[in-house]
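The lines below spell out each chain.
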Amino acid sequence: LSSVDFKAAIAILRDSFGADRTRQAAAAIAAKGAELAVDAVPDVSPPMPQKDESRWEHVRAWLTQVRKLPGKLVDLMYVKGSIYANRFAGCVFKRDREGYAIRGIGRSTFKQTAGKALACGGFSVPGSGDVWVVEGPIDALSVKAICPDAHVLALLGTSGLPADQVPHEIPTGRRVVL
């Protein structure tokens, strides 16, 4: 087989072993190659999207006027660096350890989550009261607006955490609301 081109080699294998076995062998070789390629890539944290201060007022207006979140809460999360605007006027939600979630605003339906689920955790809004577990960052801010003492964790949509890892993100000794 080493003296013929790829197509000729496939034809010889197909004629010798049958089409199904040749497909299975080719798929196994391709899968092993893909496995090696993925394993060879080093773990790196995704770069955070750049802040664009010139877009912040537009994003803030969407959060407060369209999503009806309290300005004081939005400003607090902004000052803490937990939320900000990117150059596309998307709202960036910084995840707890690394990574982020982006939500397009206005007519944009863009959504992106970056970072490894187990390494990044979710998006949290700290508090001393009950622990609320919600899907996404907007949900977390909405719950915090309604229940100011709540400790809110957006773990499901923003982090993709496997169910067995969710308990590790929840503070102990508090009532949990799902």
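A few points on the structure. Only a predicted model underlies this, so the values are computations on that prediction, with no experimental measurement involved. (Residues numbered from 1 in each chain as written. Predicted model: local features only at pLDDT ≥ 70, side-chain atom pairs only at ≥ 80, totals over all residues. Heavy atoms only, no water.)

To describe a pair of aromatic rings, you give the distance between the ring centres and the angle between the ring planes. All chains considered together, the criterion is met by 2 aromatic pairs. Ring geometry for Trp56 against Tyr78: centres 4.1 Å apart, planes inclined by 10°, an arrangement best described as stacked. Here Tyr78 lies in helix 4 (residues 71-79) and Trp56 lies in helix 3 (residues 53-66), a separation of 22 residues in the sequence. According to the relative accessible area criterion, Trp56 is buried, its value standing at 5%. Measuring from centroid to centroid gives 5.5 Å for Phe93 and Phe123, while their planes differ by 85°, and the two rings are edge-to-face. Of this pair, Phe93 sits in strand 2 (residues 91-94) while Phe123 sits in strand 5 (residues 123-125), placing them 30 residues apart in sequence. On the basis of relative accessibility, which here comes to 1%, the residue Phe93 falls in the buried class. A cation sits over an aromatic face here: Lys51 above Tyr84, 5.3 Å from the ring centre. (Phe/Tyr/Trp six-rings, centres within 6.5 Å; stacked < 30°, edge-to-face > 60°. Helix = DSSP H or I, 4+ residues; strand = E, 2+ residues; numbered from the N terminus. Buried < 20%, exposed > 50% of the residue type's maximum accessible area, 1.4 Å probe, protein only. Lys NZ or Arg CZ within 6 Å of the ring centre and 35° of its normal.)

Quick look at the sheet that holds strand 2 now. Backbone hydrogen bonds are what pair the strands of a sheet, in a parallel or an antiparallel way. Spatially, 1-2-3-4 is the arrangement adopted by the 4 strands of the open sheet, whose pairing is antiparallel. In this open sheet, the two strands that pair with only one neighbour each are strand 1 (83-85) and strand 4 (111-114). Ignoring which end each strand starts from, the neighbouring axes of this sheet average 20° apart. Judged from the 4 bridges that link them, strand 2 and strand 3 (residues 100-103) form a sheet pairing that is antiparallel. Note that in strand 3 the partner of Lys94 across the bridge is Tyr100. (Pairing = 2+ DSSP bridges. Axes fitted to C-alpha atoms, helices over the stretch in contact; angles between N-to-C directions.)

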